[in-house]
Amino acid sequence: MEIFSRNELYWGKEFQEYLKNLKIAVFGLGGVGGFALEALARAGIGHFLIVDFDTVSKTNINRQLIALNSTVGEKKTAVFKKRLLDINPSIQIQIYDGFFAENVQDRVFSGDFSINSKVDFIVDAIDTVKSKIELIKFAKQNNIEIVSSLGAGNRMDASKLFVSDISEIKEYGGFKDAFVKNVVHKLKKYAEIEEGLTVVSSSEKAYSERKIKTIEHILEDDGTSVEFTKFTPASTPVVPAVAGYLMANHILKTCYNRFFNKKC
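Attention here is on the structure that accompanies the text. (Residues numbered from 1 in each chain as written. Predicted model: local features only at pLDDT ≥ 70, side-chain atom pairs only at ≥ 80, totals over all residues. Heavy atoms only, no water.)

Another point: the overall build of the protein chain. Tallying secondary structure elements over the protein chain gives seven helices and nine strands in all. Taking 18 Å as the expected radius of gyration for a compact globule of 264 residues, we find that the protein chain reaches 18 Å, a close match to that expectation. Dimensions along the principal axes, computed over C-alpha positions, put the protein chain at roughly 50 × 45 × 35 Å. The buried share of the protein chain, taken over its 264 residues, is 51%. Partitioning the intrachain contacts of the protein chain with sequence separation of at least 6 by distance along the chain shows that 68% fall at a separation of at least 24. Total accessible area on the protein chain stands at roughly 13800 Å², and carbon and sulfur atoms take up 50% of it. Charge separation in the protein chain, taken as the distance between the mean sites of 35 positive and 33 negative side-chain charges, equals 5 Å. (Helix = DSSP H or I, 4+ residues; strand = E, 2+ residues; numbered from the N terminus. Rg over C-alpha atoms; globule rule 2.2 N^0.38 Å. Buried < 20%, exposed > 50% of the residue type's maximum accessible area, 1.4 Å probe, protein only. Contact = heavy atoms within 4.5 Å. Areas by Shrake-Rupley, 256 points an atom, 1.4 Å probe, with all protein chains shown as cover. Lys, Arg positive; Asp, Glu negative; His and termini not counted. Charge placed at Lys NZ, Arg CZ, Asp CG, Glu CD.)

Pasting the structure below:
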């Protein structure tokens, strides 16, 4: 396809065709997940599962790719589907409009993205601890590769972002945030995961002028009400975008190295 001709000048037609057949699931379509998703779409990934329960709000406009005054109030999944098809009309998109939790795993991973089919990668851009832990645990139990975002909120310096194994976060100076510490602790306690998980994190100390805590309620399609506590982080325009690009970059590099039998 002509839209990917510049990609092919670097990695060739065969790898471009390979990307078309990959299946990527993206959880969380905010500042981080949105940029990761679009980069992967522009690379030529052909199949996506996109998961988010939220609608676009005015507070998203400072950092989220699809957040515009014209899209406020619309489902993030619906806006992204329209955008991705405008980039590449051949993309296959599966949507789950809901909150990810253990009890909905079978509904989320269904159809072309069922656990019986091959899901190549998961992008975890979820910002609630419980759902993040459950998604990572699910991925590990089902041998699905996953890259997880840890520490894009409450930061301003994108140069402090890094990609590492979760076991190396402390070594890279990434234990400067209560959210990161909490996730690492609970992954160890509830999922026995201490290594073998690629994360995008930051060595910058987290900072926010004030803390905002709210109780959110989500009504699922089956009538189930999901309640969760949300701590709203400070978010600047650049850091979430760069974190998303680093996640997409990790996936593309991994796939490229495997396809051409190169060492990572």
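Next comes the rest of the account.
Within strand 6 (residues 161–165), four of the five residues are buried, which leaves the element mostly enclosed by the surrounding structure. Pairing between strand 6 and strand 7 (residues 198–202): five bridges, direction antiparallel. For Phe162, the partnering residue across the bridge sits in strand 7 and is Ser201. (Pairing = 2+ DSSP bridges.)

Bringing the environment of Asn142 into the picture now. By the element assignment, Asn142 lies in the loop between helix 5 (129–141) and strand 5 (146–149). In this structure the C-alpha to C-alpha distance between Asn142 and Leu37, which are 105 residues apart in sequence, comes to 22 Å.

Further remarks concern unusual backbone geometry. Of note in this structure, Asn154 is not a glycine but carries a positive phi near 60°. Checked against the element boundaries, Asn154 lands in the loop between strand 5 and strand 6. With a phi angle near 55°, Glu192 is a residue other than glycine that sits in the positive phi range. By the element assignment, Glu192 lies in the loop between helix 6 (178–191) and strand 7.

In the contact formed by helix 1 (residues 5–20) and helix 7 (residues 238–259), the axes pass within 11 Å of each other and the chain directions differ by 105°. In terms of axis orientation, helix 1 runs roughly perpendicular to helix 7. Taking contact as the criterion, the partners of Tyr10, Trp11, Glu14, Phe15, Tyr18 and Leu19 in helix 1 are, on helix 7, Leu252, Cys255, Tyr256 and Phe259. (Axes fitted to C-alpha atoms, helices over the stretch in contact; angles between N-to-C directions. Parallel < 35°, antiparallel > 145°, perpendicular 65-115°, else oblique.)

Right, let's get into helix 5. A rise of 1.5 Å per residue sets the reference length of helix 5, with its 13 residues, at 18 Å; its end C-alpha atoms lie 18 Å apart and thus fit the reference within 8%. Looking at the packing, one finds that the buried side of helix 5 touches strand 1 (23–27), helix 4 (105–108), strand 4 (121–124), strand 5 and helix 6. Once helix 5 ends, the next one or two residues include Asn143, with phi positive near 55°. (Expected span 1.5 Å × (residues − 1).)

Right, let's get into the sheet that holds strand 1. Strand order in the open sheet made by the seven strands is 3-2-1-4-5-7-6, with mixed pairing throughout. The sheet terminates laterally at strand 3 (92–96) and strand 6, the two strands that pair on one side only. Going from strand to strand, the sheet's axes swing by 15° on average, the running direction of each strand aside. On top of the sheet, helix 2 (residues 31–43) reaches strand 1, strand 2 (47–51), strand 4 and strand 5; it is set at about 170° to strand 2, its chief contact. Strand contacts of helix 5: strand 1, strand 4 and strand 5, with the helix running at about 165° to strand 5, the strand carrying the most contacts.

This next bit is on helix 1. The first and last C-alpha atoms of helix 1 sit only 14 Å apart over 16 residues, clearly below the 22 Å expected at 1.5 Å per residue. Of all the bends found along helix 1, the most pronounced is centred on Trp11 and spans about 110°. Of all the positions in helix 1, only Asn7, Glu8, Trp11, Phe15, Gln16 and Leu19 are classed as buried. Contacts from the buried residues of helix 1 go to helix 2 and helix 7. (Bend = angle between axes of the 7 residues up to and from the residue.)

Counting 42 residues, the largest nonpolar core has Ile24, Leu37, Leu40, Phe48, Leu84, Val123 and Ile251 as its most contacted members. Counting only elements with at least two residues in this core, the list comes to helix 1, strand 1, helix 2, strand 2, helix 3 (76–87), strand 4 and helix 7. In terms of residues, this core owes the most to one element, helix 7, which gives eight residues. If we ignore the near neighbours within four places in the chain, the residues touching Leu37 are Val26, Leu29, Phe48, Ile50, Phe80 and Leu84. (Core = buried A, V, L, I, M, F, W, Y, C linked by side-chain atoms within 4.5 Å.)

This paragraph deals with the pattern of salt bridges. In this structure the tally under the stated criterion is 12 salt bridges. We note a salt bridge from Lys13 to Glu8, for which the minimum N-O separation is 3.1 Å. Overall, the relative accessible area of 16% leaves Glu8 in the buried class. A salt bridge links Glu38 to Arg42; its shortest N-O distance comes to 2.9 Å. Of this pair, Glu38 and Arg42 both sit in helix 2, separated by four residues, roughly a single helical turn. What emerges from the salt-bridge pattern is a single network uniting Glu38, Arg42 and Arg83. (Salt bridge = Lys/Arg side-chain N within 4 Å of Asp/Glu carboxyl O.)

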